[in-house]
Amino acid sequence: MSSLYQSFLIAVRALRVNKMRALLTMLGIIIGIAAVIAMVAIGAGASKMISDQISSIGSNLLLVLPGSTTSGGLRSGAGGNQTLTYDDAMAIKAECPSVGAVAPQVRGSGQVVYGNQNWSTVVYGATPEVIQVRDWTIVAGRNITQPDVDGATKNCLIGQTVAENLFGAADPIGKIIRIKKIPFTVVGLLGEKGQSPQGQDQDDVIYVPIRTAQRKLLGSQFPNVVGSIMVQAKSGDVLDQAEEEVTALLNQRHRIGPSREVDFTIRNLSELLALTAQSSKVMSILLGAVASISLVVGGIGIMNIMLVSVTERTREIGIRIAIGAKRRDILLQFLTEAVLLTTCGGIIGMLLGVAGARLVASLVGWPTLVSVNTIIIAFAFSAGVGVFFGFYPARKASSLNPIEALRYE
């Protein structure tokens, strides 16, 4: 232990003699560690933001969309044909054991007016289950109810963006707004959701009972038709089973046989989440790997400087060996210097990396997530760089012939 302590004191003294050279040598490690921490933090923050946006859609979800149409040999995309009905949704809820909740929807847009304020927004006709399926929270008031749906009442839920633009800081509950000149009573205020994965404002929305939307607000020549059906499985473990049950039921209800084209599409939103999360993880690893190249460059710089130091201090090494220093003491001395350089550079780099990540977050609004594990790994890696790239110069110093070292000028 005393030998290690003495080596540490000698290393500190040697670095203090050449402060500028030591600082320039550490610069490569400082930049490398800072880049690794900042890049990984930015990548992790982006991954979390994407995951949060996708999760905000809801969990364990299947999205059932109408099928395509064929006209004059030309086929439209999914949703081009009105093939899903409210009765389909109720049948899925009643006859599919793996399904926990079902929320049929119709979608439209309209101008909303309150007093002298107006706002153009998206209007959905939905059932009470939409709150459960979409993982919405109601921060004031209540949800629309099944009696609201059955009676086609003129009650509605509004999102935060709509509330801010129509009511400002005032309480919207109980207020009368006009959607396409039809009066509706605000019975509930939805919690904040933020942006969707497509960048749309999910809080810029109004929900009304689906029967109200079909019969009085959005209008349709097929009043029982819905635009989509959101299906929530009872758990993630039975999601695939729920998809099979829904597919089989709709095939039966729509009389789809081997020779008839399927008139609906089912999308598994959980698969989208898993795929996006995996892509973000790969991107984070790639960013960290690219930034790690600068650590290798910094390590080569340390090896170069340590070799120069061995050459400059050849006579000193010879004197130390002549007065009784063992070769392992010389090896330990120069190895300690290399590790001290990279450790100090690693500490400074960690501080700069964390500061840089927070600076990016504050300047451009990009979320960053600094992980303690990343900091520990970066610090350990910097020390490892010192050992790896410092070993050869240290071994060269310990292998010098003392007589030739004493004669060196």
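In this text the structure is predicted, and so the values were computed from the model without any measurement.

Draft legend 1. Region of interest: the overall build of the chain. Helices and strands together make up the secondary structure of the chain, namely 13 helices and twelve strands. The 409 residues of the chain split such that 45% are buried. The contacts of the chain with a sequence gap of at least 6 include a subset with a gap of at least 24, amounting to 77%. Accessible area of the chain: about 20600 Å², with a carbon and sulfur share of 60%.

Draft legend 2. Summary view of the environment of Ala-34. Mapped onto the fold, Ala-34 is located in helix H2 (residues 19-55). What makes Ala-34 buried here is its relative accessible area of 13%. In this structure, the C-alpha to C-alpha distance between Ala-34 and Gly-346, residues 312 residues apart in sequence, is 8.2 Å. Beyond its immediate chain neighbours, meaning those up to four positions away, Ala-34 contacts Gly-349, Leu-352 and Gly-353.

Draft legend 3. Structural context of the pattern of salt bridges. Per the stated rule, a full pass over the model turns up three salt bridges. A salt bridge links Arg-253 to Asp-88; the shortest N-O distance between them is 2.7 Å. Pair noted here: Arg-253 is in helix H8 (residues 239-253) and Asp-88 is in helix H3 (residues 86-95), with a separation of 165 residues, a long-range link. Arg-253 sits in the partly exposed class, given a relative accessible area of 34%. Residue Asp-88 is classed as buried on the basis of its relative accessible area, which comes to 3%. As a salt-bridge pair, Asp-148 and Arg-142 come within 3.1 Å of each other at their nearest N and O atoms. Residue classification places Asp-148 among the buried residues on the basis of a relative accessible area of 6%.

Draft legend 4. The confidence of the model for the chain, seen in detail. Of the residues in the chain, 79% have a pLDDT of 70 or more, and the chain-wide mean is 79. Least confident of the elements in the chain is strand S3 (residues 74-75), whose mean pLDDT is 46; most confident is strand S7 (residues 155-158), at 95. Low pLDDT, under 50, characterises residues 70-75; the predicted model gives this stretch six contacts beyond four residues in sequence or across chains.

Draft legend 5. Just the packing of H3 against H8, in detail. At their nearest, the axes of H3 and H8 sit 10 Å apart, and the two run at 135 degrees to each other. Regarding the angle of H3 to H8, the classification is oblique. The chirality of how H3 crosses H8 is right-handed. Across from Asp-87, Asp-88, Ala-91, Ile-92 and Glu-95 in H3, the residues of H8 making contact are Val-246, Leu-249, Leu-250 and Arg-253. Tallied by class, the residues present in the contact of H3 with H8 amount to five nonpolar, no polar and four charged.

Draft legend 6. Layout of the pairing of strand S5 (residues 117-126). Taken together, the nine bridges between strand S4 (residues 99-114) and S5 define a ladder with antiparallel strand orientation. Bridging from a neighbouring strand, Gly-110 pairs with Thr-121 of S5. Turn length for the S4-S5 hairpin, with the two strands adjacent in sequence and antiparallel, is two residues, and the turn residue Gly-115 shows positive phi of about 60 degrees. Bridge count for S5 against strand S10 (residues 205-209) is five bridges, and the pairing is parallel. Bridged to Val-122 within S10 is Val-205.

Draft legend 7. Here's a closer look at the packing of aromatic side chains. As enumerated under the stated definition, the model contains three aromatic pairs in all. Judged by centre distance (6.3 Å) and plane angle (75 degrees), the rings of Trp-136 and Tyr-207 are edge-to-face. Of the two residues, Trp-136 is situated in the loop between helix H4 (130-133) and strand S6 (138-141) and Tyr-207 in strand S10; the sequence distance between them amounts to 71 residues. For Trp-136, a relative accessible area of 6% gives the class buried. In this structure an aromatic cluster arises from ring pairing among Tyr-124, Trp-136 and Tyr-207. The ring of Trp-136 has Lys-193 sitting right over it, with the charged end atom 5.2 Å from the ring centre.

Draft legend 8. Structural view of the UniProt feature "transmembrane region" (unreviewed entry) in the chain. Under the UniProt annotation, "transmembrane region" (unreviewed entry) lies at residues 21-46, 285-310, 331-357 and 369-392. This span, residues 21-46, is 100% helix and 0% strand, and a straight line between its end C-alpha atoms measures 38 Å. Each end of residues 331-357 is marked by a C-alpha atom, and these two atoms are 38 Å apart; helix forms 100% of the span and strand 0%.

Draft legend 9. Inspection of the side chain of Asn-155 at higher detail. Looking at where Asn-155 falls in the secondary structure, it is placed in strand S7. The exposure class assigned to Asn-155 is buried, which follows from its relative accessible area of 14%. In this structure the side chain of Asn-155 is engaged in a polar contact, spanning 3.1 Å, whose partner is the side chain of Asp-148. Those residues within four positions of Asn-155 in sequence are excluded, and the remaining contacts are Arg-142, Ile-144, Asp-148, Phe-184, Thr-185, Val-187, Tyr-207, Val-208 and Pro-209.

Draft legend 10. Geometry of the nonpolar core. The biggest cluster of nonpolar side chains holds 43 residues, and the ones touching the most others in it are Ile-92, Ile-158 and Ile-177. Residue contributions to this core peak at five residues, all from H8. The contacts of Ile-177, once residues within four sequence positions are left out, are Val-112, Val-113, Tyr-114, Cys-156, Ile-158, Leu-166, Phe-167, Ile-182, Pro-183, Phe-184, Val-186 and Ile-206. Val-40, Val-354, Ala-378 and Val-385 belong to the second largest nonpolar core, which has 20 residues in total.

Draft legend 11. Examining the side chain of Asn-268 more closely. As for its placement among the helices and strands, Asn-268 is situated in strand S12 (residues 264-268). The exposure class of Asn-268 is buried, given its relative accessible area of 10%. Each residue touching Asn-268, except ones within four places of it in the same chain, is listed here: Leu-61, Leu-62, Leu-239, Asp-240 and Glu-243.

Conventions used here
Residues numbered from 1 in each chain as written. Predicted model: local features only at pLDDT ≥ 70, side-chain atom pairs only at ≥ 80, totals over all residues. Heavy atoms only, no water. Helix = DSSP H or I, 4+ residues; strand = E, 2+ residues; numbered from the N terminus. Buried < 20%, exposed > 50% of the residue type's maximum accessible area, 1.4 Å probe, protein only. Contact = heavy atoms within 4.5 Å. Areas by Shrake-Rupley, 256 points an atom, 1.4 Å probe, with all protein chains shown as cover. Salt bridge = Lys/Arg side-chain N within 4 Å of Asp/Glu carboxyl O. pLDDT = per-residue confidence, 0-100. Axes fitted to C-alpha atoms, helices over the stretch in contact; angles between N-to-C directions. Parallel < 35°, antiparallel > 145°, perpendicular 65-115°, else oblique. Left-handed = near helix turned anticlockwise from the far one by under 90°. Nonpolar A, V, L, I, M, F, W, Y, C, P; charged D, E, K, R; others polar. Pairing = 2+ DSSP bridges. Phe/Tyr/Trp six-rings, centres within 6.5 Å; stacked < 30°, edge-to-face > 60°. Lys NZ or Arg CZ within 6 Å of the ring centre and 35° of its normal. UniProt positions renumbered as here; feature names shortened; annotations may be inferred. Polar contact = N/O pair within 3.5 Å; in protein donor to acceptor, adjacent residues only side chain to side chain. Core = buried A, V, L, I, M, F, W, Y, C linked by side-chain atoms within 4.5 Å.

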